[in-house]
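Architecture at a glance
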Amino acid sequence: MYTTLTSAKATTGLASLLAMVVIALALNFVAGHAQSATLHNAAHDMRHATGFPCH
Amino acid sequence: MFQRMLTGALFAGAAAGLFAALLHFAFVQQVILLGEQYESGELAHFEAASTAATDGHAHDHSDDQGHDGAETEHGHSHDHGAASDLQRNGLTVLFTVLIYVSYAAILIAGFALAEMAGRRINGVTGLLWGLAGYLAFQLAPAMGLPPELPGTVAADLGERQVWWWLTVVATGGGLALLAYGGKVWMYPLAGAALALPHVIGAPQVEGYLGVAPPEVGATFAARVLGIGLLVWLVLGWIGGHLWSRRRAA
């Protein structure tokens, strides 16, 4: 019982962790790397100022 | 668990992002605008020297810099496309917050992983995580791809982005092994991971094609890297504190 509970808890934890990483990478891609003209223009100064490859 | 991570990331990321935006407008924005004046041809490097030599108007150059805001908009509207300075700067604040929320989410996912492995995270360890994040996401990539002043000519964008990600992953992985590996054989592996991107080398262009004076580029790069360090430390410290408080609650 105990093992089942801990492993269930670990699985939820791992799923949350993976979800968090996916959200983080998606946000990072949109704000920092995506090259659509609108996004690029909007994020332009931030991209330069945080050292992302820009242009 | 997920909610705890998400609120932590949102709060720490927003706080660090707003701090970064404040420092951006205090130190970096005017250098970007100056760089854009050289990029658009409105200013030319050595213009002052040659003007002074030919007709004796040594002050033309510095006069030009006096009203950079309005003139930059004319000379460079293609690059940012924002209707006004207010809109342009508002978007900079928004995207600075977004990028630091994404960094905070990565950091806090790392906290969760460390905690699953039986490690405790608090404000002090958070500070070290912030330092590691800075090394992985800013300093190590900057060793090959220095922060680019607008107008900098660099290699193919796709190749640079690939090298940027490789460097982030290798540096982050190497630092994690150093900090949490605990086995002797992991240390040389960590060293190899840290060195790998720099052994491969970042994509470069032949020659030096920048139009802005080197002083402007150097000022820009130094300020970007200095601010990055400060903001990452704040991010790690706040994130670590939030994480340990919520565990206690």
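Structural data are supplied above this passage.
My aim in this report is to walk through the structure given alongside it, one point at a time. (Residues numbered from 1 in each chain as written. Chains lettered and ligands numbered in written order. Predicted model: local features only at pLDDT ≥ 70, side-chain atom pairs only at ≥ 80, totals over all residues. Heavy atoms only, no water.)

1. Some words on the side chain of threonine 92 of chain B
Positionally, threonine 92 of chain B belongs in helix α5 (residues 85-116). Setting aside its immediate chain neighbours within four residues, threonine 92 of chain B contacts Ala42, Asp45 and Met46 of chain A together with His24 and Phe25 of chain B. (Helix = DSSP H or I, 4+ residues; strand = E, 2+ residues; numbered from the N terminus. Contact = heavy atoms within 4.5 Å.)

2. Structural notes on helix α8 (residues 186-200) of chain B
All names here are of chain B. The end-to-end C-alpha distance of α8, which contains 15 residues, comes to 21 Å, matching closely the 21 Å that a straight helix rising 1.5 Å per residue would cover. The largest bend along α8 measures about 30° and falls at leucine 194, with the proline proline 197 one to four residues further on. When we look at burial in α8, the residues that qualify are Met186, Ala190 and Pro197. As for α8, its buried residues are in contact with α7 (157-180). After α8 finishes, the residue glycine 201 shows a positive phi value of roughly 90°. (Expected span 1.5 Å × (residues − 1). Bend = angle between axes of the 7 residues up to and from the residue. Buried < 20%, exposed > 50% of the residue type's maximum accessible area, 1.4 Å probe, protein only.)

3. Brief notes about the interface of chain B and chain A
Size of an interface, as often reported, equals the accessible area lost when the parts are brought together. Of the residues lining the interface, 44 residues belong to chain B; the matching set on chain A comes to 33 residues. One salt bridge in this structure joins arginine 88 of chain B and aspartate 45 of chain A, with 2.7 Å as the shortest N-O distance. Inspection of the region where chain B meets chain A yields seven residue pairs in polar contact (both at pLDDT 80 or more). Of all the secondary-structure elements, those providing two or more residues to the side of chain B that touches chain A are α1 (2-39), α4 (68-80), α5, α7 and α9 (214-248) of chain B. Considering each element in turn, the side of chain B that touches chain A owes the most residues, 17 residues, to α5 of chain B. Within the side of chain B that touches chain A, the residues separate by chemical class into 29 nonpolar, 10 polar and five charged. (Salt bridge = Lys/Arg side-chain N within 4 Å of Asp/Glu carboxyl O. Polar contact = N/O pair within 3.5 Å; in protein donor to acceptor, adjacent residues only side chain to side chain. Nonpolar A, V, L, I, M, F, W, Y, C, P; charged D, E, K, R; others polar.)

4. Some details on the pattern of salt bridges
Throughout the structure, instances matching the rule amount to five salt bridges over all chains. The partner of arginine 120 of chain B in a salt bridge is glutamate 115 of chain B, with the nearest N and O atoms 4.0 Å apart. Via salt bridges that share partners, Asp45 of chain A together with Glu36 and Arg88 of chain B belong to a single interconnected network.

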